[in-house]
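Fold and geometry: a report
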Amino acid sequence: MSWYKRVKEGITTLTSEKKAVPDGLWHKCSRCKKTFLSEDHQKNCYVCSNCNYHDKVGSHEYFEILFGEDFTELFENIYPSDPLGFKDTKEYSKRLKESQEKSGMTDAMRVAVGNLNADMKLVVACMDFGFIGGSMGSVVGEKIARAIDYARENRIPLLIISKSGGARMMEAAFSLMQMAKTSSKLALLGKAGIPYISLLTDPTTGGVTASFAMLGDVNIAEPEALIGFAGPRVIRETIGKDLPKGFQSSEFVLEHGFLDFIVVRTDLKAKLSSLLHILMKVPANQLSN
Amino acid sequence: MSHFDFEKPIQDLIEQLDELTKVHEKGKVDMSSKISELEQKILVAKKEVYGNLNGWQKVQISRHPERPYTLDYIENCFENFIELHGDRTVKDDKAMVGGFATFNGQSVLVVGQQKGRNTKQRQFRNFGMPNPEGYRKALRLMKMAERFNIPVICMIDTPGASPGLEAEERGQGEAIARNLYEMSVLKVPIICIIIGEGASGGALGIGVGDRVLMMENTWYSVISPESCSSILWRSWEHKEKAAEALKLTATDMLANKLIDGVIPEPLGGAHNDTALTYQTIKDTLEKELALLNQKPIEQLIEERIHKFSEMGEFIEK
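Here's what I pulled together on the structure shown here. (Residues numbered from 1 in each chain as written. Chains lettered and ligands numbered in written order. Predicted model: local features only at pLDDT ≥ 70, side-chain atom pairs only at ≥ 80, totals over all residues. Heavy atoms only, no water.)

On to the overall build of chain A, then. In terms of regular secondary structure, chain A is built from nine helices and 10 strands. Each of the three principal axes of chain A carries a C-alpha extent, and together these read 70 × 45 × 45 Å. Looking at chain A as a whole, 53% of its 289 residues qualify as buried. Counted over contacts in chain A with a minimum sequence separation of 6, partners at least 24 positions apart contribute 67%. Carbon and sulfur atoms make up 51% of the accessible area of chain A, which amounts to about 13,200 Å² in all. Across chain A, the 36 positively charged side chains and the 34 negatively charged ones have centroids separated by 4 Å. (Helix = DSSP H or I, 4+ residues; strand = E, 2+ residues; numbered from the N terminus. Buried < 20%, exposed > 50% of the residue type's maximum accessible area, 1.4 Å probe, protein only. Contact = heavy atoms within 4.5 Å. Areas by Shrake-Rupley, 256 points an atom, 1.4 Å probe, with all protein chains shown as cover. Lys, Arg positive; Asp, Glu negative; His and termini not counted. Charge placed at Lys NZ, Arg CZ, Asp CG, Glu CD.)

Now the structure itself:
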């Protein structure tokens, strides 16, 4: 028996009405607890201007940061199914339905094409952690494959924003094979000479790290993101020791040579733009933000 | 030889048979009719047990300590094997072996994960869990095979890529990803055979090929049943349920079009009649290599990429 009895219902907000970023007038940084005007926080790309903490945001915010309003979403018509009739403590089909209602998304990946600048188009495939931990199932793989094909056929550079716990167990081997599928499509993109930038955000682990996320012509990451193959808990259990401070952080991965640079979110658009202008050989004097 | 619980009915009969044979050999009583009757019973029991193995039982057989490993296949199915070591960057990974050999007179490259048979060997081989340098060694050899136009044969048998501090420092994720990328466009035929355990990215890291085959009593999935149980059910006890749910057996994988074929094993598993196992592998390789050798490489690569592109189930509205 508990000591206190709940008189009122708990949280009554429908999850579907919840937003990844609170819409109030004030925003309180979840790390340094400093408060800012929400509007300013949004303008600062959801980065705390005091402690540089990068809020975890999703495709909605990234599209806004990179394109403003000027983009077209692609492949919206692809929905997940339950190929194995998977059931653990809950049926996968039910999990999917709940996640869709909760997040308002169809699966953990959205693709858009838009103008990064007046003279630079970009295809962006962005993962959403809010949908079953950003896990990679058939839909994520298929959308990435189509985004790559789209970039290759239209000769537009590609950015994939990773944010994922890894493979989606409920799709078992189907999920595993998305690693091979996306990687083989990237090999074709590479042969066609179209640049692919991989942006790794907090967290990027498992099968996503072991496929497209590590295969960018240029691999970049947001500061202090968790990036690794095996999860920290698994490694801790395997070696039976605590992990060193900063292990598997963006800075650690950069230091070991697997990232090209770390980019603060507020600089993302400008940095991408200048990099792509060089790689796509578009004269820099045409650069306009 | 060690036995599993589900093999007990067979073992009981075999013990009875042994005793009967002893009595018979003493020469006092003629037991020959009883003996042949019992032998018949054993055969029926074997077919009954081994013909109806569930997912978890197949997982157990795939891990049988006497099951042939990569180096056993290399020794018994190929000639003139020369092992090559090292990734040319960090070190030589003992959990991944590879080298050139001949098969029916044709040059081939064989790479595969290697497990150990006793405690010392198991540690030496890191339980068949490669580090990044293992995947990079495999890729180095595959690129060499491509240079000399030699087909590649991958033997997959791993409980997963090694999780550890050094593996992360040296980019386990990047190493596996790079192999997937390079193997999908490698300009020589690739045959992959799951000979034991096919656990996740650690297996797929040498698993992109023109023909991906599973031996009858092996498993291939995104996670082991034990880890799946611990994550989704939050306890290690649901491994049997997890094994069923993951649809990780060769027959399930073929039905889901995630592999290209199943290689039959002797009754009860590859270890029960290794001579027959090696012969089956040789016959399979002969047939598959002949088929792949006929095709122009551009066509092979296109079909290889197409095959993996088709994997996945979703609804298009």
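Our next topic: the overall build of chain B. For chain B, the helix and strand inventory stands at 14 helices and nine strands. For chain B, the C-alpha radius of gyration of 21 Å lies close to 20 Å, the compact-globule estimate for 317 residues. For chain B, the spread of C-alpha atoms along the principal axes amounts to about 70 × 50 × 45 Å. Sorting the 317 residues of chain B into buried and exposed places 57% on the buried side. Pairs at least 24 apart in sequence give 72% of the contacts found in chain B among residues at least 6 apart. Summing over all exposed atoms, chain B offers an accessible surface of approximately 13,800 Å²; the carbon and sulfur share of this is 50%. (Rg over C-alpha atoms; globule rule 2.2 N^0.38 Å.)

The subject of this paragraph is the interface of chain B and chain A. Chain B puts 47 residues into the contact, and the matching count from chain A is 56 residues. In this assembly, chain B packs against chain A so that about 4,600 Å² is buried in total across both faces, 73% of it on carbon and sulfur atoms. Taken together, chain B and chain A are joined by one salt bridge. For the salt bridge of Glu 316 of chain B with Arg 146 of chain A, the shortest nitrogen-to-oxygen distance reads 2.8 Å. Applying the counting criterion to the chain B and chain A interface returns 12 residue pairs in polar contact (both at pLDDT 80 or more). Those elements that provide at least two residues to the side of chain B that touches chain A are helix 7 (165-169), helix 8 (172-183), helix 9 (200-204), strand 7 (219-221), helix 10 (225-233), helix 11 (239-246), helix 14 (297-309) and strand 9 (314-316) of chain B. (Buried area = accessible area lost by both parts, 1.4 Å probe. Salt bridge = Lys/Arg side-chain N within 4 Å of Asp/Glu carboxyl O. Polar contact = N/O pair within 3.5 Å; in protein donor to acceptor, adjacent residues only side chain to side chain.)

Residue and element names in this part refer to chain A. The mixed open sheet is built from seven strands, whose spatial order is 3-5-6-7-8-9-10. Of all strands in the sheet, those with a lone pairing partner are strand 3 (71-74) and strand 10 (261-262), marking the two edges. The strands that helix 2 (residues 59-67) touches are strand 3, strand 5 (109-117), strand 6 (120-127), strand 7 (158-164) and strand 8 (196-204); relative to strand 5, the one it contacts most, it runs at about 10 degrees. Here helix 4 (residues 138-154) sits on the sheet in contact with strand 3, strand 5, strand 6 and strand 7, set at roughly 30 degrees to strand 5. (Pairing = 2+ DSSP bridges. Axes fitted to C-alpha atoms, helices over the stretch in contact; angles between N-to-C directions.)

This part takes up empty space enclosed by the protein. All told, the structure shown has one cavity of 30 Å³ or more when counted by the stated rule. Approximately 110 Å³ is the volume attributed to the largest cavity. In terms of lining, the largest cavity is formed by 14 residues, of which the most central are Met 214, Ile 227 and Gly 228 of chain A together with Glu 168 and Gly 171 of chain B. The leading source of residues in the lining of the largest cavity is helix 8 of chain B, at three residues. For the lining of the largest cavity, the residue count by class is six nonpolar, six polar and two charged. (1 Å grid on protein atoms, 1.4 Å probe; cavity = no way out; pocket = protein on both sides within 12 Å on 5 of 7 lines; lining within 4 Å. Points joined across faces, edges and corners; volume = space filled by probe spheres on them. Nonpolar A, V, L, I, M, F, W, Y, C, P; charged D, E, K, R; others polar.)

Here the structure, examined in full by the defined rule, presents eight aromatic pairs over all chains. Where Phe 63 of chain A meets Phe 71 of chain A, the ring centres are 5.2 Å apart and the plane angle is 50 degrees; that geometry is what we call tilted. The class of Phe 71 of chain A is partly exposed, set by a relative accessible area of 29%. Here Tyr 73 of chain B and Tyr 278 of chain B contribute two aromatic rings whose centre-to-centre distance is 5.5 Å and whose plane-to-plane angle is 85 degrees, an arrangement assigned as edge-to-face. Taken together, the positions of Tyr 73 of chain B in helix 4 (residues 70-77) and Tyr 278 of chain B in helix 13 (residues 274-294) put the pair 205 residues apart, joining distant regions of the chain. The rings of Phe 63, Phe 67 and Phe 71 of chain A are connected pair by pair, giving a single aromatic cluster. The ring centre of Phe 129 of chain A lies 5.8 Å from the NZ or CZ of Lys 56 of chain A, which sits over that ring. (Phe/Tyr/Trp six-rings, centres within 6.5 Å; stacked < 30°, edge-to-face > 60°. Lys NZ or Arg CZ within 6 Å of the ring centre and 35° of its normal.)

Turning to helix 11 of chain B, its buried residues number three or more, namely Ala 242, Ala 243, Ala 245 and Leu 246 of chain B. Looking straight down helix 11 of chain B, one finds that the buried residues subtend no more than 165 degrees of arc, so they occupy a single side. Those residues of helix 11 of chain B that are buried lie in contact with helix 5 (172-191) of chain A together with helix 3 (55-62), strand 7 and helix 10 of chain B. (Arc of directions from axis to C-beta.)

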